[in-house]
Amino acid sequence: MKITRSVCTNMAFPDTRKNLDAFRRTAEFLAERGIRSMEFYHDGPEAEKTGAILSGLGMSGVFIGVIPSKEQKLDLCSTDLWQEAARYYCGLMDAAQSAGIETLMFNSGRLSPEADRQLDALSEAVAFIHNHADKKGYSFTLVLEPGDSRMASFQLLGPYPRVLAFCERMAKNQTPVSLTMDSAHSAEEGENFTEAVRAVKKYCRHIHFANCLIRDKTSPLYGDQHVGFDYPDTEWNYEALKHLKNELDLLYPEEETLKIALEYLCREEDPYACFDKYWKAMPFLA
């Protein structure tokens, strides 16, 4: 397996969202450590320059539309408001393209008792976004990140069988999506992560190494709080991630490329030292 190393930077380096100098400094810092991708949302005054910064360092970007859409409470699977949500994502796509970023990440939105109708709405929304891209002549990849349906984010997608069925539906409709599978979300869903990735592998070339604490409901860190990899009693410590990496090596043959991103919330004063602490503890990704 060939690895493209990536980092979700908004939580790990929070100043990067609004400040272009912080974005540049972080990109240079990560590039020096062999990171070749940043997954981010930036809406500062010079956001259109982010892509040029990355390309100048030999890096690529993933524009995380999930962040602002959650803030705006816009769900692509809403049976009533999917058009509003889809138009919002089209604006995010415009912003990403203006910055030279060709990958846009989305999620389904929150689950309701009308799951079947929501799946119809979501498929309409994805088709709407594809149509916008076609009209604009964009070259882009639309990436779905499934969440959990029962613990924290209560996403329609969700359980991996439903995720797989949706991807197959969109491929049949010629409005394809690819997948970013997240190790924490699978744990929160009660699923085996390797089993989930194996099932959806046809659509998945992107993984998030993320951690969660779900064994103690009384803990203030319970749920999908993006804890670091050294926290006790969590699902994905270093040894678990090393074992996962070995399983992924078997699942993705030598000639295949998989993007693996670290996703965590920095709760320390120095985000650069925090990253180095985690990175040095993961030589299996180096």
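Located above this text is the structure these notes cover.
Residues numbered from 1 in each chain as written. Predicted model: local features only at pLDDT ≥ 70, side-chain atom pairs only at ≥ 80, totals over all residues. Heavy atoms only, no water.

Side note on the pairing of strand S1 (residues 2–8)
As a reminder of what qualifies: By the convention used here, strands pair only if DSSP detects at least 2 bridges between them. In DSSP terms, a helix is any run of H or I states spanning at least four residues, a strand is any run of E spanning at least two, and both are numbered starting from the N terminus.
Note that S1 and strand S8 (residues 257–263) share 6 bridges and pair parallel. Among the inter-strand pairings, Val7 is bridged to a residue of S8, identified as Leu262. Bridge count between S1 and strand S2 (residues 37–40): 3 bridges; the pairing is parallel. Looking across to S2, one finds that Cys8 is bridged to Glu39.

Regarding the packing of aromatic side chains
Both the distance between ring centres and the angle between the ring planes are used here to describe each pair of aromatic rings. Let me state the cut-off plainly: Pairing of aromatic rings covers Phe, Tyr and the six-membered ring of Trp, with a centre-to-centre limit of 6.5 Å; geometry is then stacked below 30 degrees between planes, edge-to-face above 60, and tilted otherwise. Buried means the residue's accessible area, taken with a 1.4 Å probe over protein chains only, is under 20% of the maximum for its type, while exposed means over 50%, and partly exposed covers the values in between.
Considering all chains together, one arrives at 15 aromatic pairs under this definition. A centroid spacing of 6.1 Å and a plane angle of 75° characterise the contact between Phe193 and Trp236, whose relative ring orientation is edge-to-face. With Phe193 in helix H9 (residues 193–200) and Trp236 in the loop between strand S7 (204–210) and helix H10 (238–251), this pair connects stretches of sequence that are 43 residues apart. Here Phe193 matches Trp236 in class, with each residue buried. Here Tyr264 and Tyr278 contribute two aromatic rings whose centre-to-centre distance is 4.8 Å and whose plane-to-plane angle is 75°, an arrangement assigned as edge-to-face. Of the two residues, Tyr264 is situated in the loop between S8 and helix H11 (271–280) and Tyr278 in helix H11; the sequence distance between them amounts to 14 residues. One exposure class covers both Tyr264 and Tyr278, and it is buried. Chaining the aromatic ring pairs together yields one cluster made of Phe13, Phe29, Tyr272, Phe275 and Trp279.

What to know about the packing of H9 against H10
Heads up, the rule is: Axis angles are defined between N-to-C directions and span 0 to 180 degrees, where every axis is a line fitted to C-alpha atoms and, for a helix, only to the segment in contact. Any angle between 65 and 115 degrees counts as roughly perpendicular, while under 35 counts as roughly parallel, over 145 as roughly antiparallel, and the rest as oblique. By definition, turning the near helix anticlockwise from the far helix through less than a right angle yields a left-handed crossing, and turning it clockwise yields a right-handed one. Any two residues whose heavy atoms approach within 4.5 Å at even a single point are treated as in contact. Polar here means any residue other than Ala, Val, Leu, Ile, Met, Phe, Trp, Tyr, Cys and Pro, which are nonpolar, and Asp, Glu, Lys and Arg, which are charged; Gly is therefore polar.
Between H9 and H10, the shortest axis-to-axis distance is 11 Å and the interhelical angle comes to 20°. Between H9 and H10, the angle is such that the two are roughly parallel. Once H9 is placed against H10, the crossing between them reads as right-handed. Only Leu244, Glu247, Leu248 and Leu251 of H10 make contact with H9, whose side of the interface consists of Phe193, Thr194, Val197 and Arg198. Broken down by class, the residue content of the contact of H9 with H10 amounts to 5 nonpolar, 1 polar and 2 charged.

A closer look at the state of the cysteines
Here, the word disulfide means a covalent bond between the sulfur atoms of two cysteines. Here is the rule: Pairs of cysteine sulfur atoms within 2.5 Å are identified as disulfides in what follows.
By the definition in use, this model includes 0 disulfides. We note that Cys77 lacks a disulfide partner, and the nearest cysteine sulfur, in Cys167, lies 15 Å from it. Of all cysteine sulfurs, the one in Cys266 lies closest to Cys274, which takes part in no disulfide; the gap is 3.7 Å. Judged by relative accessible area, Cys274 falls into the buried class, the value being 1%.

Considering the side chain of Gln118
Topologically, Gln118 is positioned in helix H6 (residues 115–136). Ignoring sequence-local partners within four residues, the contact set of Gln118 consists of Cys77, Thr79, Arg110, Leu111, Ser112 and Leu156.

Things to note about the pattern of salt bridges
Applicable threshold: A carboxyl oxygen of Asp or Glu within 4 Å of a side-chain nitrogen of Lys or Arg is what we treat as a salt bridge.
Overall, the coordinates contain 15 salt bridges when judged by the stated rule. The salt bridge involving Asp43 is made with Arg17; its shortest N-O contact spans 3.0 Å. In this pair, Asp43 sits in the loop between S2 and helix H3 (50–56) while Arg17 sits in the loop between helix H1 (9–12) and helix H2 (20–32), placing the two residues 26 residues apart along the sequence. Residue Arg17 is classed as buried on the basis of its relative accessible area of 17%. Look at the salt bridges and you will find they share partners, linking Arg17, Lys18, Asp43 and Glu71 into a network.

Overview of the sheet that holds strand S6 (residues 178–182)
The strand order around the closed barrel built from 8 strands is S1-S2-S3-S4-S5-S6-S7-S8, with neighbouring strands paired in parallel fashion. This sheet shows a mean twist of 25° between the axes of neighbouring strands, independent of strand direction. Bridge count for strand S4 (residues 103–106) against strand S5 (residues 141–144) is 4 bridges, and the pairing is parallel. Note on S5: the bridge partner recorded for Phe106 is Leu144. The strands touched by H2 are S1 and S2; relative to S2, the strand with the most contacts, the crossing angle is about 145°.

Here we look at the environment of Tyr252
As for its position among the elements, Tyr252 is in the loop between H10 and S8. Linking Tyr252 and Lys201, residues 51 residues apart in sequence, is a C-alpha distance of 8.7 Å. The contact partners of Tyr252, leaving out residues within four places of it in the chain, are Met1, Val197, Lys201, Cys204, Arg205 and Leu258.

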